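Coordinate inspection notes
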Amino acid sequence: MVPVLYWTVLLISMSFVCCAQEEEEVIVDLQRFLQPDDVDLYYYLPQSNETHLCTRECQPGDHRICYYKFVLTNYAVLSAACGKCTEVAEDCDHPQCIIADGYEKSVLTANRRVPGPGIQVCYGDRIIVDLVNKMFGKSIAIHWHGLEQINKPFMDGVPYVAQCPVPDGATFRYDFTADTVGTMYWHSHAGLHKLNGLQGSLIIRQPKDNDPVDKLYDYDLPAHVIVIMDWYHTQAEARFPGLIHHDSTQDTTFYIISGRGKFTPQNNRTTSTPYREFVVKPGFRYRFRVIGALGTQCPALLQVEGHRLQLIATDGNPVVPLFVDSLEIYSGERYDFVLYASEETKCYWIQVRGLQNCFRRDVCQMAVLRYEGSKEKGPSSPRPTLRNFSFRGVVLNPEDASCGPGQTGVCISQLESLNKIDKRIYSNNPDYNIEIKFGFHGPSVEELFLTESYPRYVQATSESLVIPWINRIQMKTPASPLQTQFSDIPEGMFCPNDTDGMPTCPADTKDYCTCVPTIKIPLNSLVQFVLIDKPFRSLLNHPFHLHGSRFHVMSMGYLPDNLMNAKDINELLKKNKLPMSSAPTFKDTIAVPSGGYAVIRFIATNPGFWFFHCHFAYHLEGGMSTVIQVGKRSEFSPTPEGFPKCGDYIPNIKATIHSEHKSSPRRSYYDVHDKEVPT
């Protein structure tokens, strides 16, 4: 009875005091709702009436305040907090010890953790995060990847779209509702911070009776979240715009899995840091949640030795269950699968292997699946390497979109949703059929360096200079957020509109332009995006992420060059000459086949300015992004009182012109100090 009484008191104090059917707002003591940092290590999920934690078994009507405090600091792998971690494994578990793959380097952290603190709550909970920025000379904003932020676009965390970045020394409070069920994550949306460590898990559960796949698993444990991160042994900024003579690529060089791993330097002596372990009991079925907390170009292939994976959700959205042997994961994607602990009681390798350019360089990381009761120190089989790597079976989301008859791949467009689908989604004539072409301009050296325009670019390889764009527009970042300070942005920064209302480049543009693009969509419109890849010297499957809404994946594949436009693709869909899903799954991030297309649809019900961009960190920073304006600004939610502002400071300069020199331009001068200066 004590926990029930405790929560009765807290629920009264957290929002309202009721008396004689009147309500009075009260100030909440948030410290009473502060959540622990380490829930992603818990091997239990307590009942709601037995805990004050927000990480719990969800019950209908039980909504809580979940408060987190993220203190952001410059920090280091294998700091003094780790003791003798490289010699004594137990020391690696010390508080504030980050081990990564055993290579000492500087990192950016939230509460001195990599990944940062996990957030695990129930649908409908109120999430409050105080972001305390103590990083030297760095501004920051956090995006809650996968949450729709319904009617709260100013909490979406995109600098200069949703908010001003939080400067060094300041604190910013995020306050929003857990409005989307499933496996999400949070990450910095400023610069390349997430590649330096600033990201973590965000899991939103729901009552079991509301989960359409609940009967397929016995346990959904907080510790069974697999966070796959790119990892450099330098700061990510060292690769932007890029180097020529060494490290001449933005591809990742290593991975870490839920903050741990090993690497083998040139002396072939593998680091002694421990792998991350995930423990299961024989005979039970476990829900695992995989987060592709990636930011670079190589997709990651996930396999569990000796086990098939029963896929049950993508980007938090349930799908008709499907057994696969591996998952191919792109930046920003998430997948949930059920693992049957029905094999021999021992340890097994969990392998994350880089593909495309990373495959031949053997970019790979391991974790361990340990059956409870195993006496092994680790897997008895050899550690997987490129030399002994072999793959057979069904792969989800293959990079070459090999999903036709007789092939072993399953494309995202072939997954079937278990969520209810609005009938409008199947319309032959969407209200807006918007073409999203993306690619690169290849500037000459003279164009980049012999003018005074200082364009932003990416040194993709030692021989390749590129300027990323969408529809020939490289996005320019305004000095003030569109959502909260629209009137402060000079009109000349915005792209002109074409005859169809789409942002475009000026008529005299040769190849690309730089401006602020806004695609305006009326509220409640049925929108179709046709994403078309224009390959440029490399084969990349660009992952695109939509803020503020989930979308349906209607179709994807390859097309001849003469059909590469939205109108032709839509006509082929209407004539059933292209494959189209009968129950298209929901997603918020989709990898477009290289040289191919993807058709996605959504109903624009969430008013605000929303970001749409390539999720490769270096392409995003290079300008491969655009802004979607849903609804009129008069239909937006009001900006919270006292919301921070930012912008340019370019005052007019006034000076005294001495009258005796006015008649002679050659002798006149400006004296900004109002003092006589000898001529």
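The rules behind these values
Residues numbered from 1 in each chain as written. Predicted model: local features only at pLDDT ≥ 70, side-chain atom pairs only at ≥ 80, totals over all residues. Heavy atoms only, no water. Helix = DSSP H or I, 4+ residues; strand = E, 2+ residues; numbered from the N terminus. Rg over C-alpha atoms; globule rule 2.2 N^0.38 Å. Buried < 20%, exposed > 50% of the residue type's maximum accessible area, 1.4 Å probe, protein only. Lys, Arg positive; Asp, Glu negative; His and termini not counted. Charge placed at Lys NZ, Arg CZ, Asp CG, Glu CD. Pairing = 2+ DSSP bridges. Axes fitted to C-alpha atoms, helices over the stretch in contact; angles between N-to-C directions. Disulfide = S-S within 2.5 Å.

Once that is clear, we can look at the overall build of the protein. For the protein, the helix and strand inventory stands at six helices and 39 strands. Relative to the compact-globule value of 26 Å for 679 residues, the protein shows a C-alpha radius of gyration of 26 Å, a close match. Principal-axis analysis of the C-alpha atoms places the extent of the protein at approximately 95 × 70 × 60 Å. For the protein, the residues scored as buried account for 57% of the 679 residues in total. Across the protein, the centroid of the 64 positively charged side chains sits 2 Å from that of the 74 negatively charged ones.

Let's shift gears to the sheet that holds strand 20 (residues 347-354). Ordered in space as 13-21-20-15-18-22-23, the seven strands form an open sheet in which the pairing is mixed. A single partner strand is all that each edge strand has here, and the edge strands are strand 13 (277-280) and strand 23 (409-410). Of the pairings in the sheet, the one linking strand 13 to strand 21 (residues 364-371) comprises four bridges and is parallel in character. Its bridge partner lying in strand 21, E277 is registered against V368.

Within the open sheet, the six strands sit side by side as 12-11-14-19-16-17. Their pairing is mixed. This sheet does not close on itself; its edge strands, each paired only once, are strand 12 (254-257) and strand 17 (317-324). Strand-to-strand twist across the sheet, computed as the mean angle between neighbouring axes with direction ignored, equals 25°. Examined bridge by bridge, strand 16 (residues 309-314) and strand 19 (residues 334-340) share four bridges and lie antiparallel to one another. When the sheet's bridge partners are listed, A313 is paired in strand 19 with D336.

For the rest of this paragraph, the subject is the state of the cysteines. Inspection of every chain in the model, using the stated rule, returns nine disulfides. The partner cysteine of C82 in its disulfide is C97, sulfur to sulfur 2.1 Å. Looking down the S-S bond of the C82 and C97 bridge, the torsion is 105°, so its handedness is right-handed. Here C97 lies in the loop between strand 3 (65-76) and strand 4 (106-110) and C82 lies in the loop between strand 3 and strand 4, a separation of 15 residues in the sequence.

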